Amino acid sequence: MEGTDYRQLCLELFGTDDVIELKRLAASIKQKNSRHAGRKKKFTEADVADIRTLLVEGATLDELACRYQTSRRVLIKYLNHPPEKGYTMRLAYMYRQKPCTVIDVDFARQKVKIQNRTQDVLLRAFGANEQPTWEDFEIFLSERCFPQSRGLLKAELRRLGLESYDPLQIVEKTKGRTAEDDMWLKIQYYPERKVG
């Protein structure tokens, strides 16, 4: 703008025309969230631990949302953190709509980590076993799909779009549903992050 008195404009906008003070103001504006403003965490780590305990003891998300005066969505956000580095798949072993065991899978190192969300060992993926091995995981997968000895196996594999019998691929297609129970698997994939 022609004829604009920038010194006067700085005085009006910033209350100073001192160059050092103006640079300090500019730096503070560039700094993100300098006042540490914004939404504070609703729940502490202790709250989340209590909520997890109540879930294992049988409380529903609706009951907990009412008790903590929040929504189911907020509770789920606090309860579901992405898996650790190296773990690229998460299987939630579900009874109807309730997650009973969360299984994080690291294919590269052939490791699994679980979180049981129920005290009922009959509804847990690995029963009373709190530290399943890779072999336990493979057995679990094979139990959640039709047997390799099934009649017309090749036709069933073709129907699923598979070329060979692989329990993991079968479970991905069928969600681990079987005729024997109401359990099923909810599967999530995570991008690979390097360990280290």
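Below you will find a few notes about this structure. Keep in mind that this is a model prediction, so the values were computed, not measured. (Residues numbered from 1 in each chain as written. Predicted model: local features only at pLDDT ≥ 70, side-chain atom pairs only at ≥ 80, totals over all residues. Heavy atoms only, no water.)

## Comments concerning a nonpolar patch on the surface
Note the following rule: Each patch is assembled from residues with relative accessible area greater than 30% and no salt bridge, linking like charges that lie within 9 Å and nonpolar side chains (Val, Leu, Ile, Met, Phe, Trp, Tyr) that lie within 5 Å. Residue exposure ignores everything except the shown protein chains as possible cover, and the areas themselves are Shrake-Rupley values with a 1.4 Å probe. For salt bridges, the criterion is a side-chain nitrogen of Lys or Arg within 4 Å of an Asp or Glu carboxyl oxygen. Under the DSSP-based scheme used, a helix requires at least four consecutive residues in state H or I and a strand at least two consecutive residues in state E, with every element numbered from the N terminus. Only protein chains enter the calculation, and the probe is 1.4 Å; a residue is then buried if its accessible area is under 20% of its type maximum, exposed if over 50%, and partly exposed in between.
Side chains of Tyr-6, Leu-9, Leu-13, Phe-14 and Ile-29 sit close together on the surface and give an oily, nonpolar patch of about 530 Å² of accessible area. The greatest single-element share of the nonpolar patch, amounting to four residues, is contributed by helix H1 (residues 6-14). Checked against the element boundaries, Tyr-6 lands in helix H1. By relative accessible area, Tyr-6 is classed as partly exposed at 48%.

## Focus on the sheet that holds strand E1 (residues 89-95)
The strands making up a sheet associate through backbone hydrogen bonding, with each pair oriented either parallel or antiparallel. Using the following cut-off: Strand pairing is defined by DSSP finding a minimum of two bridges between the two strands. Helix axes use the C-alpha atoms of the stretch in contact, all axes being lines fitted to C-alpha atoms, and the angles between their N-to-C directions lie in the range 0 to 180 degrees.
Strand order across the open sheet formed by four strands is E3-E2-E1-E4, with antiparallel pairing between neighbours. Because the sheet does not close on itself, it has two edges, and the strands there are strand E3 (111-116) and strand E4 (183-189). Shown here is a sheet whose adjacent strand axes are inclined to one another by a mean of 20°, direction ignored. Relative to strand E2 (residues 98-106), E1 is paired through seven bridges, and the arrangement is antiparallel. Paired with Ala-92 across the strands is Val-102, a residue of E2.

## Considerations on the pattern of salt bridges
Overall, the coordinates contain ten salt bridges when judged by the stated rule. With its nearest N and O atoms 2.7 Å apart, the salt bridge here joins Glu-21 to Arg-24. Pair noted here: Glu-21 and Arg-24 are both in helix H2 (residues 19-30), with a separation of three residues, about one helical turn. Residue classification places Arg-24 among the partly exposed positions, given a relative accessible area of 47%. The partner of Glu-84 in a salt bridge is Lys-113, and the shortest N-O contact between them spans 2.7 Å. Linking Glu-84 in the loop between helix H5 (72-79) and E1 with Lys-113 in strand E3, this pair joins segments that are 29 residues apart in sequence. Since its relative accessible area comes to 47%, Glu-84 is described here as partly exposed. Relative accessible area serves as the criterion here: at 36%, Lys-113 is assigned to the partly exposed category.

## Describing the side chain of Thr-101
Heads up, the condition is: Two N or O atoms form a polar contact when they lie within 3.5 Å of each other; inside protein one atom must be a possible hydrogen donor and the other a possible acceptor, and for residues adjacent in sequence the pair counts only when both atoms belong to side chains. Whether two residues are in contact is decided by their heavy atoms: any pair within 4.5 Å suffices.
Note that Thr-101 resides in strand E2. Using a relative accessible area of 0% as the deciding quantity, one classes Thr-101 as buried. Within polar-contact distance, the side chain of Thr-101 engages the side chain of Asn-116 at 2.9 Å. Beyond its immediate stretch of four places on either side in the chain, Thr-101 contacts Leu-91, Ala-92, Tyr-93, Ile-114, Gln-115, Asn-116, Arg-124 and Ala-125.

## A closer look at unusual backbone geometry
Residues other than glycine seldom take positive phi values, yet Gln-69 does so here, at roughly 50°. Relative to the assigned elements, Gln-69 resides in the loop between helix H4 (61-67) and H5. Classification of Gln-69 by relative accessible area gives exposed; the value is 69%. Residues other than glycine seldom take positive phi values, yet Gln-110 does so here, at roughly 50°.

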